[in-house]
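Chain by chain, the residues run as shown.
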Amino acid sequence: MDPLAPHAPPDPLDSPAAPDPSSPVQSPLFALEGPRLRSSWVFFGPQGMRAGWSLVLFWALYKFLLYFFGTIAVLLDPALENFQFSASNAVIGEIVPLLAILVGGYFLALLEQRRLLDYNLRGPRPLAHAVSGALVGFGALSVLVAALAAGGWLHFGPTARFGAPLVRFCLLWGLAFLLTGLFEEGAFRCYAQFTLTRGLNFWWALAAQALLCLDLAFRVGGVSVY
């Protein structure tokens, strides 16, 4: 090559592209690459933060938010501090933990760059499945109550409410049990189950089952194992 020949201008296609400011940036807490990932293998894996630590963080957030929302509820209604079992208190008592798992799950969804619906809240025909599930659940419990009443284990007494007070009483308890179901399903089947699914394989699941069986065998003499 002649050193006196003029140099051609550099091809812009050969130069490294500038980072696109509009492209999403992964959270450093949950997505690491290269040497940083290799040096932090205890806490991070190929999918980001390991499932065990994610569940610990979710549990810690839930406990903090449960205390936070519970304190607000008591400040708004000091009578809640002396809890008495009633329909209205049961509704408030279920709203507080439900808010705690919703806010905690939303915060972790932001960190993991997912949507809240990604945690096992998507599926085909959600309305049809919700209605059919409610009907099946109501029918199953009705059969159980009828069987208990027929066997003499459950007795219906006279009611002290009629008209509007009875309707209000039924609606409040229906709302309380609906909130209970939402909280239980959200606590065990949403973020927790989603995270365990990505973190557990066959051998981890087998080890967990073996430890549970050993625990039962040593604590209750093997009665519950069989």
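Structure first, text after, so check above.
First, a word on scope: everything that follows refers to the structure included in this document. (Residues numbered from 1 in each chain as written. Predicted model: local features only at pLDDT ≥ 70, side-chain atom pairs only at ≥ 80, totals over all residues. Heavy atoms only, no water.)

**Some remarks on the pattern of salt bridges**
Step number 1: Overall, the coordinates contain three salt bridges when judged by the stated rule.
Step number 2: Note that Arg 122 and Asp 118 form a salt bridge whose closest N and O atoms lie 2.9 Å from each other.
Step number 3: On the basis of relative accessibility, which here comes to 28%, the residue Asp 118 falls in the partly exposed class.
Step number 4: Salt-bridge contacts for Arg 189 lead to Glu 185; the nearest nitrogen and oxygen are separated by 2.6 Å. Highlighted residues: Arg 189 and Glu 185, both in helix H5 (residues 164–199), separated by four residues, approximately one helical turn. (Salt bridge = Lys/Arg side-chain N within 4 Å of Asp/Glu carboxyl O. Buried < 20%, exposed > 50% of the residue type's maximum accessible area, 1.4 Å probe, protein only. Helix = DSSP H or I, 4+ residues; strand = E, 2+ residues; numbered from the N terminus.)

**Description of the nonpolar core**
Step number 1: Ranked by internal contacts, the top residues of the largest apolar core, which has 27 residues, are Ile 101, Leu 108, Tyr 119 and Phe 183.
Step number 2: Secondary structure elements with two or more residues in this core: helix H2 (51–76), helix H3 (87–111) and H5.
Step number 3: When near neighbours in sequence (up to four residues on either side) are disregarded, Phe 183 contacts Tyr 62, Glu 94, Pro 97, Leu 98 and Ile 101. (Core = buried A, V, L, I, M, F, W, Y, C linked by side-chain atoms within 4.5 Å. Contact = heavy atoms within 4.5 Å.)

**So, the side chain of Glu 112**
Step number 1: Secondary-structure assignment places Glu 112 in the loop between H3 and helix H4 (126–150).
Step number 2: A distance of 2.6 Å separates polar atoms of two side chains, one belonging to Glu 112 and the other to Arg 114. (Polar contact = N/O pair within 3.5 Å; in protein donor to acceptor, adjacent residues only side chain to side chain.)

**Brief notes about the environment of Leu 102**
Step number 1: Along the chain, Leu 102 turns up in helix H3.
Step number 2: Classification of Leu 102 by relative accessible area gives partly exposed; the value is 41%.

**Thoughts on the side chain of Glu 94**
Step number 1: Inspection of the secondary structure puts Glu 94 in helix H3.
Step number 2: Buried charge without a salt bridge: Glu 94, with Lys 63 as the nearest opposite-charge side chain at an N-O distance of 13 Å.
Step number 3: Once residues within four sequence positions are removed from consideration, Glu 94 is found in contact with Ala 176, Leu 179, Thr 180 and Phe 183. (Lys, Arg positive; Asp, Glu negative; His and termini not counted.)

**Thoughts on the packing of H3 against H5**
Step number 1: Interaxial distance between H3 and H5 falls to 9 Å at its minimum, and their mutual angle equals 25°. Here H3 lies roughly parallel to H5, going by the angle between them. As for the relative orientation of H3 and H5, their crossing is left-handed in sense. Residue-level contacts link Ala 87, Ser 88, Ala 90, Val 91, Glu 94, Ile 95, Pro 97, Leu 98, Ile 101 and Leu 108 of H3 to Leu 172, Trp 173, Leu 175, Ala 176, Leu 179, Thr 180, Leu 182, Phe 183, Gly 186, Ala 187 and Tyr 191 of H5.
Step number 2: Counted by class, the contact of H3 with H5 contains 17 nonpolar, three polar and one charged residues. (Axes fitted to C-alpha atoms, helices over the stretch in contact; angles between N-to-C directions. Parallel < 35°, antiparallel > 145°, perpendicular 65-115°, else oblique. Left-handed = near helix turned anticlockwise from the far one by under 90°. Nonpolar A, V, L, I, M, F, W, Y, C, P; charged D, E, K, R; others polar.)

**A few points about the packing of H2 against H5**
Helix-helix packing: each pair is described by the crossing angle between the helix axes and the interaxial distance.
Step number 1: Across the interface, H2 lies against H5 with an axial gap of 8 Å and an inter-helix angle of 155°. In this view, H2 runs roughly antiparallel relative to H5, as classed from their interaxial angle. Of the two possible hands of crossing, H2 and H5 adopt the one that is right-handed. Residues Ala 51, Ser 54, Leu 55, Phe 58 and Tyr 62 of H2 lie in contact with H5, whose contacting residues are Phe 183, Tyr 191, Ala 192, Thr 195, Leu 196, Arg 198 and Gly 199.
Step number 2: Tallied by class, residues from the contact of H2 with H5 come to eight nonpolar, three polar and one charged.

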